[in-house]
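# Structural overview for review
Read off the chains here:
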Amino acid sequence: MSVTMEKIVNLCKNRGIIFQGSEIYGGMGNTWDYGPVGVEIKNNIKKAWWKRFVQEDPSTYGVDAAILMNPRVWDASGHTQNFADPKMDCKSCKQRFRADNLIEDHSKGKVSAEAMSNEEMEKYISDNKINCPHCGNFNWTPIRQFKLMFETSRGTLDGEKDVVYLRPETCQGEYVNFLNIQRSMRAKVPFAIAQIGKSFRNEITPGNFIFRTIEFEQMELQKFCKEETSFDIYNEYKEKARKFLLDLNFSEDHLKFHDHDKLAFYAKAACDIFYLFPMGWSELNGIHHRSTHDLSRHQEFSGKSMLYLDPITNEKYIPTVIEYSIGADRLMLAVLTEAYTEEELEGGDTRIVLKLHPAIAPYKVAILPLQKNINEKAIELYNNLSKKFMCMYDEAGSIGKRYRRQDEIGVPFSVTVDFDTLEDNTVTIRDRDTMEQIRLPIDEVEKYIEEKIVF
Ligand code: GAP
C-alpha cells in the first residue's frame, strides 16, 4: 500500500493531530498547529529522543537556550552573510523555486546541489534543460539569494531599535554555552550538549505539509571531542541515529544514508539520513563533522578563549565538533508515514491503523465501558490510570466504531469494562495491531501497559 500525503493530511485534520495554522483566516503558508492528539505524539517523540541521547548518556548535558541571541552570534556562525536560498523565478508563470530543489527533484535525489555554486547550479539547470515544474516552460531568471533569517527588533524608542534575529538553528545556543557547561558541570572532553527547541526560517518553497515549515523544532546535539577520536565519534552517531529510528519501528528499507562528496570548506565529513516520505526520498536528519570551525569562530568573534585544557595530558586545544541534528516535526511526518496502515478486514471493511510504537502513542490506553450504565468502574479505572499516563475515555457509539477511532490515532490498547467486570473484577484488553483480546484482573492493567510502553 502506498501512503499518500493526502491521506496523512486528511487523517491529521480529522483526528485532532495537525491543523492548518490560522485556518479560520484562510491559513498562513507553511505553518501548522498541533491538535490534542498531535501534541501528545510530538511530545512523546521529543521525550524518546531526550531519553536516548541525554538521559541515557552521562556525557551529554541538556540546555534550553534563548531563541533571541546577541546578533554577533549570527555574524560568527556566518548566517548574517550567507544564510540564503538560491531562488529562481519562472518568467512565464511567475512561480518561485529553489534552484537546488529543482536539481535534486529532477535527478530524483541522485545529484546533491548542496555544495554547488550559483554558477554551477545555473549551468546544471541549463545543460539538463530543467523546465518549470509549474508551467513546463524554460524561461528562468538568474539565481538570486533569498534571505532565510527572520528579523525583528528590540528597543523602546522609535529610531533606536536594534535588529535581532529569530534563531534559524538551535545549535548556536549549544556552542555559546560550551564554557559554561564545561565549568559548571566539570565536564571533560569528549562531552556533548543537547537541546530541543524552536527554530525559524523564512522558507517560501512548498512545504510538503510539516516537512518544511517556517517555524519548527529541532533536536540537536554537539559532541565536543579531540581531533584524534572525532571520526570514531562521527561513526558512532551515525549508528546511534540509525538505531534510534529502527527502535521507533522504522523499516530499514525506508532509510538511506547519503554521504556528501562535496563538503563545506571547514567540514571533514557529512552524512544525511534520507527517509522515503510520501513525496519521495528526502532528508530526515544529518550527522556532520564540523572540525574546530564553530568554537574557533566564536572565539574570534567573542574574544573568549575556547581552548580546552586536558587535565591528564595538559594539552591545550580547541575541541572538534560532531553534530547530530534532526527536526522534531520532520520526524513526526516520518513517524506518521511509517505508522499509517490500511487493512482489509473480513467482511470487506477497511480499517486505518496508526501502528505507532507504544512509547510515542498519544494515549496509552482507551477505556471503553460496554454500556453507559456500567460506567462507574470504567471511570474509576480511568481516574487511576490517568495518574500514570495519558488515557482516553470513550462511551459513545458501538464498540466496533470506538475501536476504529482508537486505531486511527494509534492507541495501542483498549480496555472494555463489561457486565462480567462487575462480578469478577476482570476486563478485556484488546491489542491495536493484532486485534487479539485477553482477559485480565483490573488491578493488573497498569503493570501490563507500563511494561509495553517502555522505549
Ligand atoms: N544545525 C544544523 C542544521 O540546522 P539543517 O540541515 O539545516 O542543519 C537540521 O537542519 C534538521 O532540521 C534537518 O535535517 C531537518 O530535520 C530539520 N529542518 C531543517 N529545516 C527545516 C524546516 N524548514 N522545516 C522543518 N524541519 C526542518
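Residues numbered from 1 in each chain as written. Predicted model: local features only at pLDDT ≥ 70, side-chain atom pairs only at ≥ 80, totals over all residues. Heavy atoms only, no water.

## Describing the nonpolar core
- Ranked by internal contacts, the top residues of the largest apolar core, which has 62 residues, are I17, W49, F244, F250, Y324, L331 and L336.
- Looking at this core element by element, the count peaks at 8 residues for helix α11 (residues 328–339).
- Grouped together as the second largest cluster of nonpolar side chains are 18 residues, L385, F413, V415 and L440 included. (Core = buried A, V, L, I, M, F, W, Y, C linked by side-chain atoms within 4.5 Å. Buried < 20%, exposed > 50% of the residue type's maximum accessible area, 1.4 Å probe, protein only. Helix = DSSP H or I, 4+ residues; strand = E, 2+ residues; numbered from the N terminus.)

## Some remarks on the site of the ligand
- Close to the ligand lie 18 residues, the nearest being E169, R201, E220, E283 and L284.
- Take E283: an N or O atom from its side chain is 2.6 Å from an oxygen atom of the ligand.
- In isolation the ligand offers 550 Å² of accessible surface; the protein chains occlude 89% of this area.
- Of all the secondary-structure elements, those providing two or more residues to the shell around the ligand are β10 (215–225), β13 (280–289) and β16 (320–327).
- Of the residues forming the shell around the ligand, the biggest block, 4 residues, is contributed by β16.
- Partitioning the shell around the ligand into residue classes produces 5 nonpolar, 5 polar and 8 charged. (Near = heavy atom within 4 Å. Polar contact = N/O pair within 3.5 Å; in protein donor to acceptor, adjacent residues only side chain to side chain. Areas by Shrake-Rupley, 256 points an atom, 1.4 Å probe, with all protein chains shown as cover. Nonpolar A, V, L, I, M, F, W, Y, C, P; charged D, E, K, R; others polar.)

## Here we look at the packing of aromatic side chains
- Tallied over the entire structure, the rule returns 20 aromatic pairs.
- Pairing W49 with F53 gives two aromatic rings, centres 5.4 Å apart and planes at 35°, and the pair type is tilted. Of this pair, W49 and F53 are both found in helix α2 (residues 36–55), 4 residues apart, which corresponds to roughly one turn of the helix.
- Using a relative accessible area of 0% as the deciding quantity, one classes W49 as buried.
- The exposure class assigned to F53 is buried, which follows from its relative accessible area of 2%.
- On the basis of an interplanar angle of 70° and a centroid distance of 5.5 Å, the ring pair of F53 and F244 is categorised as edge-to-face. Within this pair, whereas F53 is found in helix α2, its partner F244 is found in helix α9 (residues 230–247), the two being separated by 191 residues in sequence. Comparing F53 with F244 shows no difference in burial state: the two are buried.
- A connected cluster of aromatic rings, assembled from ring pairs, spans W49, F53, Y237, F244, Y324 and F455.
- A cation over a ring is seen here: K87 above F146, with NZ or CZ 5.4 Å from the ring centre. (Phe/Tyr/Trp six-rings, centres within 6.5 Å; stacked < 30°, edge-to-face > 60°. Lys NZ or Arg CZ within 6 Å of the ring centre and 35° of its normal.)

## Description of the packing of α2 against α9
- Between α2 and α9, the shortest axis-to-axis distance is 11 Å and the interhelical angle comes to 140°. Classed by the angle they form, the pair α2 and α9 counts as oblique. In the packing of α2 onto α9, the handedness of the crossing is right-handed. Contact with α2, carried on its side by A48, W49, R52 and F53, involves Y237, K240, K243, F244 and D247 of α9 and no other residues of that element.
- A breakdown of the residues in the contact of α2 with α9 according to their chemical character gives 5 nonpolar, no polar and 4 charged. (Axes fitted to C-alpha atoms, helices over the stretch in contact; angles between N-to-C directions. Parallel < 35°, antiparallel > 145°, perpendicular 65-115°, else oblique. Left-handed = near helix turned anticlockwise from the far one by under 90°. Contact = heavy atoms within 4.5 Å.)

## Let's talk about the environment of E151
- Examined against the element boundaries, E151 turns out to sit in strand β7 (residues 151–154).
- Each C-alpha atom of the pair E151 and K364 lies 41 Å from the other, and the pair is 213 residues apart in sequence.
- Discounting chain neighbours no more than four positions away, the residues touching E151 are V163, V164 and Y165.

## Describing the sheet that holds strand β9 (residues 191–200)
- Reading across from one edge, β3-β9-β10-β16-β13-β12-β11 is the order of the 7 strands in this open sheet, with mixed pairing throughout. Across the chains shown, the open sheet's two edge strands, defined by having one partner strand only, are β3 (60–62) and β11 (255–259). Between one strand and the next, the sheet's axes are offset by a mean angle of 25°, whatever the strand orientation.
- Here 9 bridges tie strand β12 (residues 269–277) to β13, and the two strands are oriented antiparallel to one another. Considered in β13, the bridge of D272 is made with G286. (Pairing = 2+ DSSP bridges.)

## Topic: the sheet that holds strand β23 (residues 437–441)
- Overall, mixed pairing links the 5 strands, which are arranged β20-β19-β21-β22-β23 in an open sheet. Edge positions in the open sheet fall to β20 (391–393) and β23, since each of these has one partner strand only. Each neighbouring strand pair of the sheet contributes to a mean axis angle of 25°, computed without reference to strand direction.
- Direction of pairing for strand β22 (residues 426–431) relative to β23: antiparallel, over a ladder of 5 bridges. Across the sheet, the residue bridging to R430 is Q437, located in β23.
- Contacting β19 (365–369), β20, β21 (413–417), β22 and β23, helix α13 (residues 399–408) crosses the sheet at an angle of about 170° to β19.

## Regarding α11
- Its 12 residues place the ends of α11 16 Å apart at the C-alpha level, agreeing with the 16 Å of an ideal helix rising 1.5 Å per residue.
- Counting buried residues in α11 gives 12 out of 12 residues, a clear majority hidden from the surface.
- Among the residues making up α11, those that are buried are A328, D329, R330, L331, M332, L333, A334, V335, L336, T337, E338 and A339. (Expected span 1.5 Å × (residues − 1).)

## Some remarks on the environment of D310
- The residue D310 is located in the loop between β14 (308–309) and β15 (316–317) in this model.
- Residue classification places D310 among the buried residues on the basis of a relative accessible area of 13%.
- C-alpha of D310 to C-alpha of K188: the two residues are 122 residues apart in sequence and 8.0 Å apart in space.
- Non-local contacts of D310, meaning those with residues more than four positions away in its chain, are made with E315 and Y317.

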